[in-house]
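Each chain is listed here by its residues.
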Amino acid sequence: MLETLTSFWAEYGDLLITGTRDTLVMTGVSTLFAYLIGLPIGVLLNITQPHGIWPQKWVNRILGWIVNIGRSIPFIILIVMLLEFTKLIVGTKMGVRGAIPPLVISAAPFIARMVETSLAEVDAGVVEAAQSMGATRFQIVWKVYLPEAKPSLILGASISLITILGYTAIAGAIGAGGLGYLAVSYGYQRFTPSVMWATVVFIVVLVQVIQSVFSWLSAKMDKRLR
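All figures in this text were calculated on a predicted structure; none of them were measured in a lab.

Thresholds, definitions, all that
Residues numbered from 1 in each chain as written. Predicted model: local features only at pLDDT ≥ 70, side-chain atom pairs only at ≥ 80, totals over all residues. Heavy atoms only, no water. Helix = DSSP H or I, 4+ residues; strand = E, 2+ residues; numbered from the N terminus. Buried < 20%, exposed > 50% of the residue type's maximum accessible area, 1.4 Å probe, protein only. Polar contact = N/O pair within 3.5 Å; in protein donor to acceptor, adjacent residues only side chain to side chain. pLDDT = per-residue confidence, 0-100. Expected span 1.5 Å × (residues − 1). Bend = angle between axes of the 7 residues up to and from the residue. Salt bridge = Lys/Arg side-chain N within 4 Å of Asp/Glu carboxyl O. Patch = residues over 30% accessible without salt bridge, like charges linked within 9 Å, V, L, I, M, F, W, Y side chains within 5 Å. Areas by Shrake-Rupley, 256 points an atom, 1.4 Å probe, with all protein chains shown as cover.

A. Molecular detail of the side chain of Ser185. Note that Ser185 resides in helix H9 (residues 178-189). By relative accessible area, Ser185 is classed as buried at 4%. Engagement of the side chain of Ser185 in a polar contact is seen with the backbone oxygen of Tyr181, the distance being 2.7 Å.

B. Focus on the confidence of the model for the protein chain. In this model, the protein chain carries an average pLDDT of 91, and 97% of its residues clear a pLDDT of 70 or more. H9 is the least confidently modelled element of the protein chain, averaging 83 in pLDDT, while helix H2 (residues 57-72) averages 95, the highest of any element.

C. Here's a closer look at helix H5 (residues 95-120). Relative to the 38 Å expected for 26 residues at 1.5 Å per residue, H5 spans 38 Å between its end C-alpha atoms, a close match to the ideal helical length. Maximum bend of H5: about 30°, positioned at Ala108, with proline Pro109 one to four residues after it. In terms of residue burial, H5 counts as a mostly covered element, since 20 of its 26 residues are buried.

D. The arrangement of the pattern of salt bridges in detail. The final tally for this structure, using the stated rule, is three salt bridges. One salt bridge connects Asp22 with Arg21, and the closest N-O pair in it is separated by 3.2 Å. Across the pair Lys93 and Glu84 runs a salt bridge, and its minimum N-O distance is 2.8 Å.

E. Region of the structure containing a nonpolar patch on the surface. Taken together, Trp58, Ile62, Trp65, Ile66 and Ile69 make up a surface patch of nonpolar side chains, about 580 Å² in accessible area. Locating Ile62 in the fold gives a position in helix H2. Exposure remark for Ile62: the relative accessible area of 44% places this residue in the partly exposed category.

Laid out in structure tokens, this is it:
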């Protein structure tokens, strides 16, 4: 058994390490840019509600429509739809760089809804207290909503990371690289199921590490558990 594993790693170890690295790069960079877009939209969705701190009916509706449309398009279709846009932005339709624009555009609406839901959990009394002390809307968002919702936002970030990690496997299936590419090109096209199962193990480990780390962070920052 040990001899078989050693032989397998000698043959495919470098490929798995490279695939893991590419998957982590796609996941990390895409999540960062998706949050730069999704976090402000999520905040606006929350504060522009009828009972929000800045009620704006049409702003809320338009943002809601944009987010819902973005979440409705299956990722595999979105990749194809954005091929020319992707090439215009990053100079290529393939590889790790080619996967990032569709990953960002697909994840941003999902993150926006996650953020909106997290902020909705903030105690209204805390917000009203800040308003009564003359805090501006920006101050309420920055010093009340985001800090109070931090544990929920962190858990939401773990879900977002894991979702984007899953999307990278789909992107890999059409040439983006990473573990998804290895699973399809070796496990299916080259009839090497051992490589496919190895990629599954690697992805499961990554998911478990992400979930464990972010759950720990959320618990550390939750004032109710102190």
